[in-house]
Amino acid sequence: MTPFDYIRPATIAEAVAAAATPGAAYLAAGTNLLDLMKGGISRPTRVVDISRLPGLDRIEALPDGSVRIGALVRNADLAHDAAFARAFPSVAEALLSGASAQLRNAATVGGNLLQRTRCSYFHDAASACNKRSPGAGCDARGGENRLHAVLGWSDACIATHPSDFCVPLVAFDAVVEIEGSGGRREIALEALHRLPDAAPERDAVLDPGDLIVAVRLPAAARNFAAHARYLKLRERTSYAFAVVSAAAALDLDGGTIKSARLALGGVAAKPWRARAAESLLAGASPGLPAFRRAAETALAGATPSGDNGFKIELAQRMVARALSLAAAGTPARVPALPASPFSSTAGALHVA
Amino acid sequence: MNLSISLTVNGERRDVALDDPRVTLLDLLRERLHLTGTKKGCDRGQCGACTVLVDGRRINSCLTLAASLDGAAVLTIEGVAHGDTLHPVQAAFIAHDGFQCGFCTPGQIMSAIGLIAEGQAGDDPERIREAMSGNLCRCGAYAGITEAVLDAQHTLAAAEKGRAA
């Protein structure tokens, strides 16, 4: 780690002022930032510790039916909050499918949104990476890229956004509250992360000093609680990032889909909302034919960025499977292996 | 820069002057407080060897800045036994061969203590395995570890029941 000044502001206003200077970085739990600093990928000269800021660690049910999640709520606390998990079961499942128990106990909501890509070339200081050093080139393009993006990528960058949590959040129209030098503003989570275009060094539409203070889920997201799943394919059973993931939610009215929500993870530099597929599902009768059509539509614009053409077919199958599982109903309890397509019944061997 | 922090480590108050904010909780424990039971494996949050409890919750001490923990209570492997009486999780790891070389064991045991306190896994071995997936064991003692966690959980639940009765 390169040396830095450590600052612990007492208020949000002090934090924003301290972090607006070049070279500053916010520190919450540090589960991502410290890893990046140890690898020499992030070299902040000033670390602004926001972990003690008051009032940002609450989960609040608002009178209009929405829920407001403070940016410093820990992933495990949100996933295990009974009222939250009941209302937004696929969000809880996504949280529990990510990282390890130790990391979930520390990692925060705001930090999860702003975690950096796990592209191995981004993490290897000896490799060319436009996200890390603008203009340097992209070694992932001709390298090991079977896990890279198939949607929204550019010649400059083919990295994916690694968050599980963000996938159902974006499907449910989550809103991000941001405190910045110009005061408080809010934007849709779908508009927070950027596609790489020619400037992959900018992961999000945030300005220096901008601080995420909360994430809100609107009341309408509650309509899907009975039929909401997150499904995540990993290269090992647990504690791995998604090859492809899908958040699927249905609001069913008898034999008809009133409304559907669908988003994908592991396929692009941002959590990928599949609105055209949602429109196709609205009014359809739930079943594999409709789910397969939706899956094809969701991946309609996908192209391989390297040796990852398989991810397009895989993502389509994941979408159809996630929709089928959502139609079957939200399980009473998050499965033993959250979000796993290989999840077995309680007590069975995970390798069986 | 000089940062002074105060921690409760294994029940004992420790005041530490940090000459550098880069010190992680793991390095503080090992290098400054000479509590070397907590191990440095990957130092990047991937192996779990550095697991300790902070305010009762298991975390990776390698990914935590010590400066950010001012006022926290830390429990390490050195603080779990009562004198010569092993903690039930320690005893269960021995009874079930939950280790071979032992390097990952302090982290495994602290993780297991945290897991049992979380109370989410119940008697389901698959939930135990999933909840222990942040702790790698290169010797492959996973089967014994799962049995040890299940056994220790029963022992602790029985002790709790005994106290309540």
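Fair warning: this is a prediction, and the values are worked out from it, not measured in the lab. Residues take numbers from 1 onward in each chain, read along the sequence in its written order. To label them, take the chains in the order written and letter them from A, then take the ligands in the order written and number them from 1. Under the rules for a predicted model, residues below a pLDDT of 70 receive no local features and side-chain atom pairs below 80 are neither given nor counted, while totals for whole chains, interfaces and linings still include all residues. The basis for the side-chain values is all heavy atoms of the structure; hydrogens and waters are excluded.

Description of the overall build of chain B
Piece 1. Broken down by element type, chain B carries 5 helices and 5 strands.
Piece 2. Computed over its C-alpha atoms, the radius of gyration of chain B comes to 16 Å, within 12% of the 15 Å expected for a compact globule of 165 residues.
Piece 3. For chain B, the spread of C-alpha atoms along the principal axes amounts to about 50 × 40 × 30 Å.
Piece 4. The contact definition used throughout considers only heavy atoms, calling two residues in contact when any of these lie within 4.5 Å. Sequence separation of at least 24 residues holds for 56% of the intrachain contacts in chain B that already meet a minimum separation of 6.
Piece 5. Accessible surface area values rest on a Shrake-Rupley calculation with a 1.4 Å probe, where residue burial reflects the displayed protein chains alone. Carbon and sulfur atoms provide 51% of the accessible area of chain B, an area that totals close to 7300 Å².
Piece 6. With 15 positive and 20 negative side-chain charges, chain B shows a separation of 3 Å between the mean positions of the two kinds. For helices the rule is a DSSP run of H or I covering at least 4 residues; for strands it is a run of E covering at least 2, with both sets numbered from the N terminus onward. The globule rule used for comparison is 2.2 Å times the number of residues to the exponent 0.38, while the radius of gyration itself is calculated over C-alpha atoms. Only four residue types enter the charge count, namely Lys and Arg as positive and Asp and Glu as negative; His and the chain termini do not. For this purpose, a charge sits on NZ of Lys, CZ of Arg, CG of Asp or CD of Glu.

Some thoughts on the nonpolar core
Piece 1. Only buried residues count toward a nonpolar core, which is a set of Ala, Val, Leu, Ile, Met, Phe, Trp, Tyr and Cys residues joined through side-chain atoms within 4.5 Å. Exposure is judged per residue with a 1.4 Å probe applied to protein chains only, and the accessible area is read against the type maximum: over 50% gives exposed, under 20% gives buried, and values in between give partly exposed. In terms of nonpolar packing, the biggest core is built from 40 residues, with A:Leu113, A:Leu169, A:Leu189 and A:Leu217 touching the most fellow members.
Piece 2. When residues of this core are assigned to their parent elements, the largest contribution, 5 residues, is made by helix α9 (residues 166-171) of chain A.
Piece 3. The contacts of A:Leu189, once residues within four sequence positions are left out, are A:Leu113, A:Cys166, A:Leu169, A:Val170, A:Ala174, A:Val175 and A:Val176.
Piece 4. Counting 37 residues, the second largest nonpolar core, distinct from the first, contains A:Tyr6, A:Ala106, B:Ile5 and B:Ile59.

Brief notes about the side chain of A:Glu179
Piece 1. When you line up the elements, A:Glu179 lands in strand β6 (residues 175-180).
Piece 2. Those residues in contact with A:Glu179 that lie beyond four places of it in its chain are A:Ile12, A:Val16, A:Arg184, A:Gly209, A:Asp210, A:Leu211 and A:Val213.

Focus: the interface of chain B and chain A
Piece 1. Facing the 36 residues of chain B at the interface are 43 residues of chain A.
Piece 2. Accessible surface is computed with a 1.4 Å probe, and the buried area is the amount of it that two parts give up when combined, taken over both parts together. Roughly 3300 Å² is buried in total at the junction of chain B and chain A, and carbon and sulfur atoms are behind 47% of that figure.
Piece 3. Each salt bridge in this description consists of a side-chain nitrogen of Lys or Arg and a carboxyl oxygen of Asp or Glu lying within 4 Å of one another. Summed over the shared surface of chain B and chain A, the result is 3 salt bridges.
Piece 4. Among the ionic pairs, A:Asp77 bridges to B:Arg57, the shortest N-O distance being 2.9 Å.
Piece 5. Pairs of N or O atoms within 3.5 Å make up the polar contacts considered here, provided that, within protein, one atom can donate a hydrogen while the other can accept it, and that residues adjacent in sequence are counted only when both atoms are side-chain atoms. Taken together, the links from chain B to chain A amount to 21 residue pairs in polar contact (both at pLDDT 80 or more).
Piece 6. Elements that contribute at least two residues to the side of chain B that touches chain A include exactly β4 (57-60), α3 (105-118) and α4 (125-131) of chain B.
Piece 7. Looking at the side of chain B that touches chain A element by element, the count peaks at 6 residues for α4(B).

Details of helix α5 (residues 89-96) of chain A
Piece 1. Taken across its 8 residues, α5(A) has 8 buried, putting it largely inside the fold.
Piece 2. Of the positions making up α5(A), those classed as buried are A:Pro89, A:Ser90, A:Val91, A:Ala92, A:Glu93, A:Ala94, A:Leu95 and A:Leu96.

So, a nonpolar patch on the surface
All names here are of chain B.
Piece 1. Only residues whose relative accessible area exceeds 30% and that take part in no salt bridge are eligible for patches, with like-charged residues grouped when within 9 Å of each other and nonpolar side chains (Val, Leu, Ile, Met, Phe, Trp, Tyr) grouped when within 5 Å. On the surface, Leu86, Ile94 and Phe99 cluster together into a nonpolar patch covering about 260 Å² of accessible area.
Piece 2. As for its position among the elements, leucine 86 is in the loop between β5 (73-75) and α2 (88-95).
Piece 3. Take leucine 86: its relative accessible area is 40%, and that puts it in the partly exposed class.

A short note on the domain arrangement of chain B
All names here are of chain B.
Piece 1. As annotated, the domain borders come from an automatic or database domain assignment. For chain B, the assigned domains read domain 1 (3-79) and domain 2 (88-164).
Piece 2. Each of domain 1 and domain 2 has a C-alpha centre, and these two points are 22 Å apart.
Piece 3. Contact with domain 1, which involves 15 residues of that partner, is made by 16 residues of domain 2.
Piece 4. In total, domain 1 and domain 2 occlude about 1200 Å² of area from one another, counting both sides; carbon and sulfur atoms represent 60% of this.
Piece 5. When residues of domain 1 are sorted by the area they lose upon contact with domain 2, Thr51, Arg58 and Ile77 head the list and together hold 48% of the total.
Piece 6. Viewed at the interface, domain 2 and domain 1 are joined by 1 salt bridge.
Piece 7. Inspection of the domain 1/domain 2 interface yields 6 residue pairs in polar contact (both at pLDDT 80 or more).
Piece 8. Of the residues forming the side of domain 1 that touches domain 2, the biggest block, 3 residues, is contributed by strand β3 (residues 51-54).
Piece 9. Note that Gly is not counted as nonpolar here; it falls among the polar residues with everything else outside the nonpolar set of Ala, Val, Leu, Ile, Met, Phe, Trp, Tyr, Cys and Pro and the charged set of Asp, Glu, Lys and Arg. Here the side of domain 1 that touches domain 2 is composed, by residue class, of 6 nonpolar, 6 polar and 3 charged.

A short note on the packing of helix α11 (residues 288-298) of chain A against helix α12 (residues 310-328) of chain A
Helix-helix packing is described using two parameters, namely the angle between the two axes and the distance between the axes.
Residues and elements named next belong to chain A.
Piece 1. Contact geometry of α11 with α12 gives a least axis separation of 8 Å together with a crossing angle of 140 degrees. One way to sum up the angle between α11 and α12 is to call them oblique. Like other packed secondary-structure pairs, α11 and α12 cross with a definite hand, here right-handed. Taking contact as the criterion, the partners of Leu288, Phe291, Ala294, Ala295 and Glu296 in α11 are, on α12, Gln316, Val319, Ala320, Leu323, Ser324 and Ala327. To get an axis, a line is fitted to the C-alpha atoms, and for a helix only the part in contact is used. The angle between two axes follows their N-to-C directions and goes from 0 to 180 degrees. Throughout, the term roughly parallel applies to angles under 35 degrees, roughly antiparallel to angles over 145, roughly perpendicular to angles from 65 to 115, and oblique to all others. Each crossing gets its handedness from the near helix: less than a right angle anticlockwise from the far helix is left-handed, clockwise is right-handed.

Examining the environment of A:Ala125
Piece 1. By the element assignment, A:Ala125 lies in the loop between α8 (120-123) and α9.
Piece 2. Not counting chain neighbours up to four residues away, the residues in contact with A:Ala125 comprise A:Gly39, A:Ile41 and A:Arg132.

What to know about the sheet that holds strand β5 (residues 67-70) of chain A
Across a sheet, strands are paired by hydrogen bonds formed along the backbone, either parallel or antiparallel in direction.
All names here are of chain A.
Piece 1. Spatially, the 5 strands line up as an open sheet ordered β4-β5-β8-β6-β7, and their pairing is antiparallel. Each end of this open sheet is capped by a strand with a single partner; those strands are β4 (59-61) and β7 (183-188). Adjacent strand axes in the sheet meet at a mean angle of 20 degrees when their direction is disregarded.
Piece 2. Inspection of the sheet shows β6 paired to β7 by 6 bridges, in the antiparallel sense. Along β7, the bridge assignment pairs isoleucine 178 with arginine 185. Between any two strands, at least two bridges found by DSSP are needed for them to pair.

Considering the state of the cysteines
Think of a disulfide as a covalent bridge from one cysteine sulfur atom to another cysteine sulfur atom.
Piece 1. By disulfide we mean two sulfur atoms from cysteines, separated by a distance within 2.5 Å. The final tally for this structure, using the stated rule, is 0 disulfides over all chains.
Piece 2. This cysteine, A:Cys129, is not joined by any disulfide, and A:Cys119 carries the nearest cysteine sulfur, 6.0 Å off.
Piece 3. Note on B:Cys139: no disulfide assigned, nearest cysteine sulfur contributed by B:Cys101 at a separation of 3.7 Å.

Observations concerning the sheet that holds strand β1 (residues 3-9) of chain B
Residue and element names in this part refer to chain B.
Piece 1. Here we have 5 strands laid out as an open sheet, ordered β2-β1-β5-β3-β4, and mixed in their pairing. Bordering the open sheet on either side are β2 (12-18) and β4, each of which pairs with just one other strand. In this sheet, neighbouring strand axes are inclined to one another by 40 degrees on average, regardless of whether the strands run parallel or antiparallel.
Piece 2. Each of β3, β4 and β5 touches α3; the most contacted strand, β3, lies at about 40 degrees to it.

Considering unusual backbone geometry
Piece 1. The backbone of A:Ala99 shows a phi angle near 55 degrees, a positive value even though the residue is not glycine.
Piece 2. Within the chain, B:Asp55 stands out as a residue other than glycine whose phi angle is a positive 50 degrees.
Piece 3. Secondary-structure assignment places B:Asp55 in the loop between β3 and β4.

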